[in-house]
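Single-letter residue listing:
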Amino acid sequence: MKLEICDVSKQYKDKCAVDHANLTLTPGVWGLLGANGAGKTTLMRMIAGIMKPTGGEIRYDGIEIDTLGEKYRDIFGYLPQEFGFYPGFSVQDYLEYMAALKGIGKKETKEKIQELLEIVSLTDVRKKKIVKLSGGMKRRVGIAQALLNDPKVLILDEPTSGLDPGERMRFRNLLSEFGRNRIVLISTHIVSDVEYIATCNAIMKDGKIAAVGETEELVKEVEGKVWNAVLDMAEAMTYETKVPVVNIYNREDGKTVLRYLAERPVISGSEPADARMEDLYLWMFPEQGKEEVR
Ligand SMILES: Nc1ncnc2c1ncn2[C@@H]1O[C@H](COP(=O)(O)OP(=O)(O)OP(=O)(O)O)[C@@H](O)[C@H]1O
């Protein structure tokens, strides 16, 4: 099973949102990383078949998705970034409605909804109107609807926004399991959100795919360039503008740990640290700064 994005572009009037993107997705969980405006949503909408590329094509197992029509919809699940719920519907009614749209039989629908409500921990609120749910719960309803048809390809646009830490953890576990023999693509501008579940990553910048690979492989580029320095808070702050800072946190003993990137240690007493995706991201796009990526 593979999904190929072949030289895909999308031109909106005077804006090239996706620029000759090439990417082959195979089973597993993929992170699509990029700052706001990098082109992630546009690329995902094209993969979902709800927007046509202005150049190139997208193929599922060698066949252009447009020509697959209904068949593609059957194997596909999509959680858009902004998605119009039917606020007056209860969770159960909404999922039944979505299942009908996806052409799932009644008996199968009942069982599937029960199973999914358990998975996303919404069984207790299944009769509640969606309008009355919290942001995180609404997001989980969205995740459940994307899973209704047991899709082979699952596309999730910023799925973790609005989830609390517990929900994020459950969501990660669910996707790690789900992605074993399916293609799962998750977009985010929060690198740490996909770091623990994505086995492969595609990094987007200005509409282009800037890097692709397994996390371990990609982070090799920054190995030996990540440092931790333990300082007083005031001193740590003075380095904020002098070195690319990935992270600053305060320890219980009152000291501050500054994680930064440099070819060689520039703060005395620095210790080497294991490289992670957020280090690579900042290394590749220093101008985007830490606010964008964490
Ligand atoms: N309908 C449109 N018309 C014109 N420009 C658009 C349109 N939709 C998106 N864009 C522009 O295309 C670029 C890519 O947008 P897109 O939403 O795909 O990025 P993104 O990486 O998903 O960002 P975000 O995380 O903020 O959603 C942005 O510069 C955006 O302003």
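Residues numbered from 1 in each chain as written. Predicted model: local features only at pLDDT ≥ 70, side-chain atom pairs only at ≥ 80, totals over all residues. Heavy atoms only, no water.

> Sorry if this is basic, but what is going on with empty space enclosed by the protein here?
Take a probe with the size of a water molecule and roll it over the atoms, and the empty space left behind shows itself. This structure, assessed with the given rule, holds one cavity of 30 Å³ or more. In this model, the largest cavity occupies a volume close to 90 Å³. Of all elements in the fold, only helix H6 (135-147) and helix H7 (165-178) reach the threshold of two or more residues within the lining of the largest cavity. Top contributing element to the lining of the largest cavity by residue count: H7, with four residues. Partitioned by chemical class, the residues of the lining of the largest cavity number six nonpolar, no polar and three charged. (1 Å grid on protein atoms, 1.4 Å probe; cavity = no way out; pocket = protein on both sides within 12 Å on 5 of 7 lines; lining within 4 Å. Points joined across faces, edges and corners; volume = space filled by probe spheres on them. Helix = DSSP H or I, 4+ residues; strand = E, 2+ residues; numbered from the N terminus. Nonpolar A, V, L, I, M, F, W, Y, C, P; charged D, E, K, R; others polar.)

> Could you clarify how one ought to interpret the packing of aromatic side chains in this entry?
The geometry of an aromatic ring pair is captured by the separation of the ring centres together with the interplanar angle, meaning the angle of the planes. Taken as a whole, this structure holds eight aromatic pairs when the rule is applied. Relative to Tyr72, the ring of Tyr60 lies with its centre 6.3 Å away and its plane at 55°, an arrangement referred to as tilted. In this pair, Tyr60 is assigned in strand E4 (residues 55-60) and Tyr72 in helix H3 (residues 70-74), connecting sequence segments twelve residues apart. The same class applies to Tyr60 and to Tyr72, which are both buried. With centroids separated by 5.6 Å and ring planes inclined at 70°, the aromatic side chains of Phe89 and Tyr97 adopt a geometry described as edge-to-face. Classification of Phe89 by relative accessible area gives partly exposed; the value is 28%. Taking the relative accessible area as the measure of exposure, Tyr97 reaches 32% and is therefore partly exposed. The rings of Tyr60, Tyr72, Phe76 and Tyr78 are connected pair by pair, giving a single aromatic cluster. When the ring centre of Phe178 is taken as origin, the NZ or CZ atom of Arg182, which lies over that ring, is 4.0 Å away. Seen from the ring of Tyr239, Lys242 lies directly overhead, with NZ or CZ sitting 5.3 Å from the centre. (Phe/Tyr/Trp six-rings, centres within 6.5 Å; stacked < 30°, edge-to-face > 60°. Buried < 20%, exposed > 50% of the residue type's maximum accessible area, 1.4 Å probe, protein only. Lys NZ or Arg CZ within 6 Å of the ring centre and 35° of its normal.)

> Would you mind going over the environment of Glu177 with me for this structure?
If you trace the backbone, Glu177 turns up in helix H7. Among the residues examined, Glu177 registers a relative accessible area of 49% and is labelled partly exposed. Considered as a pair, Glu177 and Glu271 are 94 residues apart in the sequence and their alpha carbons are 35 Å apart.

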